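Tertiary structure, described
The lines below spell out each chain.
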Amino acid sequence: MGMLDILIGQQGDDVDNYCNLSWENRLYAFGACFVIGVFLSIFGSIEIFFQKYTAFALLYSLGTIVALAGTCFLRGPMSQIKKMFDKDRLVATIVLIAAIILTIVCGTVIKVPILAIICCIVQFLAFTWYTLSYIPYARNAVKSCFSGCTGIECPC
């Protein structure tokens, strides 16, 4: 097993081993999902200006889901799901999933635009916090920056 495999967690779950993509193809697939997810989120955000809140909620949330699904190409789906629910990411994962669901519900079922926008902001912050958990010391740097700028100690 190569050093890169160890770093990205390719220890060999059966489901993850069925993927025959090369590392380069996995990176392309991840990049494609990430770019598509960002574009969906941007297009969804543009819908706010046309007061199409249902389209906003659906496109923005779909963009987040597609970008998140792209990470499965890097680690494998089972390994990624296990990592999502590690103790370091558990709160961010639960908040992210809840925010995605609430954004869709607020935008499509109960149709309260301000709640959909608030849930979208929470979704963005949770996705950012979740993503930072994969970068060594990134959360600590953000907390230090927040504390330095505001003088408030970050409780998380």
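Thresholds, definitions, all that
Residues take numbers from 1 onward in each chain, read along the sequence in its written order. A pLDDT threshold of at least 70 governs which residues receive local features in this predicted model, and a stricter bar of 80 or more applies before side-chain atom pairs are shown or counted, although totals over entire chains, interfaces and linings include all residues. As a rule here, side-chain values come from all non-hydrogen atoms in the structure, and water together with hydrogens is ignored. Under the scheme used here, helices are H or I runs from DSSP no shorter than 4 residues and strands are E runs no shorter than 2 residues, and both carry numbers assigned from the N terminus. Throughout, exposure labels follow a simple rule: accessible area from a 1.4 Å probe, protein chains only, divided by the maximum for the residue type, with under 20% read as buried, over 50% as exposed, and the rest as partly exposed. The contact criterion used is simple: two residues touch if any of their non-hydrogen atoms lie within 4.5 Å. Helix axes use the C-alpha atoms of the stretch in contact, all axes being lines fitted to C-alpha atoms, and the angles between their N-to-C directions lie in the range 0 to 180 degrees. In what follows, roughly perpendicular refers to angles from 65 to 115 degrees, roughly parallel to angles under 35, roughly antiparallel to angles over 145, and oblique to any angle outside these ranges. Each residue is assigned to one class: nonpolar for Ala, Val, Leu, Ile, Met, Phe, Trp, Tyr, Cys and Pro, charged for Asp, Glu, Lys and Arg, and polar for all the others, Gly among them. Each reported salt bridge corresponds to a side-chain nitrogen of Lys or Arg within 4 Å of a carboxyl oxygen of Asp or Glu. Only buried residues count toward a nonpolar core. Its members are Ala, Val, Leu, Ile, Met, Phe, Trp, Tyr and Cys residues joined through side-chain atoms within 4.5 Å. pLDDT expresses how confident the predictor is about each individual residue, on a scale running from 0 to 100. Helix span is expected to be 1.5 Å times the residue number reduced by one.

Looking at the overall build of the protein
Helix and strand counts for the protein come out as 8 helices and 0 strands. Beginning at the N terminus, the succession of helices and strands in the protein can be written as α-α-α-α-α-α-α-α. By residue count, 32% of the 156 residues in the protein fall in the buried class. For the protein, the share of sequence-separated contacts (at least 6 apart) that also reach a separation of at least 24 residues comes to 60%.

Thoughts on the packing of helix H3 (residues 23-46) against helix H4 (residues 53-75)
Where H3 meets H4, the axes come as close as 7 Å, and the angle between the chain directions of the two elements is 170°. Comparing the axis directions of H3 and H4 gives the class roughly antiparallel. Residue classes in the contact of H3 with H4 are distributed as 18 nonpolar, 8 polar and 2 charged.

Remarks on the packing of H4 against helix H7 (residues 113-132)
Between H4 and H7, whose axes approach to 10 Å, the crossing angle comes to 10°. It follows from the interaxial angle that H4 and H7 lie roughly parallel. Contacts from Tyr-53, Phe-56, Tyr-60, Ser-61, Thr-64, Ala-67 and Leu-68 in H4 reach Pro-113, Ala-116, Ile-117, Cys-120, Gln-123, Phe-124, Phe-127 and Tyr-130 in H7.

Quick notes on the pattern of salt bridges
For the structure shown, the criterion picks out 3 salt bridges. For the salt bridge of Asp-88 with Lys-87, the shortest nitrogen-to-oxygen distance reads 3.8 Å. Overall, the relative accessible area of 74% leaves Lys-87 in the exposed class. Put simply, Lys-83, Asp-86 and Arg-89 are held in one network by salt bridges that share partners.

Here we look at the nonpolar core
Residues Ala-67, Leu-68, Met-84, Ala-92, Leu-96, Ile-100, Ala-126, Phe-127 and Tyr-130 constitute the largest nonpolar core, which totals 9 residues. Residues contacting Ala-67, with those up to four places away along its chain left out, are Cys-33, Phe-34, Gly-37 and Phe-127.

Side note on the confidence of the model for the protein
Residues at a pLDDT of 70 or more form 86% of the protein, whose mean pLDDT is 84. Highest mean pLDDT in the protein belongs to helix H6 (residues 90-109) (94); lowest belongs to helix H1 (residues 3-8) (45). Of the regions scoring below 50 in pLDDT, residues 1-8 engages in 9 contacts with residues more than four places distant in sequence or in other chains.

Some points on H7
For H7, which comprises 20 residues, the first-to-last C-alpha distance of 29 Å matches the rise-based estimate of 28 Å (1.5 Å per residue) to within 8%. For H7, the set of buried residues is Ala-116, Cys-119, Cys-120, Gln-123, Ala-126, Phe-127, Tyr-130 and Leu-132. On its buried face, H7 is in contact with H4, helix H5 (77-84), H6 and helix H8 (138-150).

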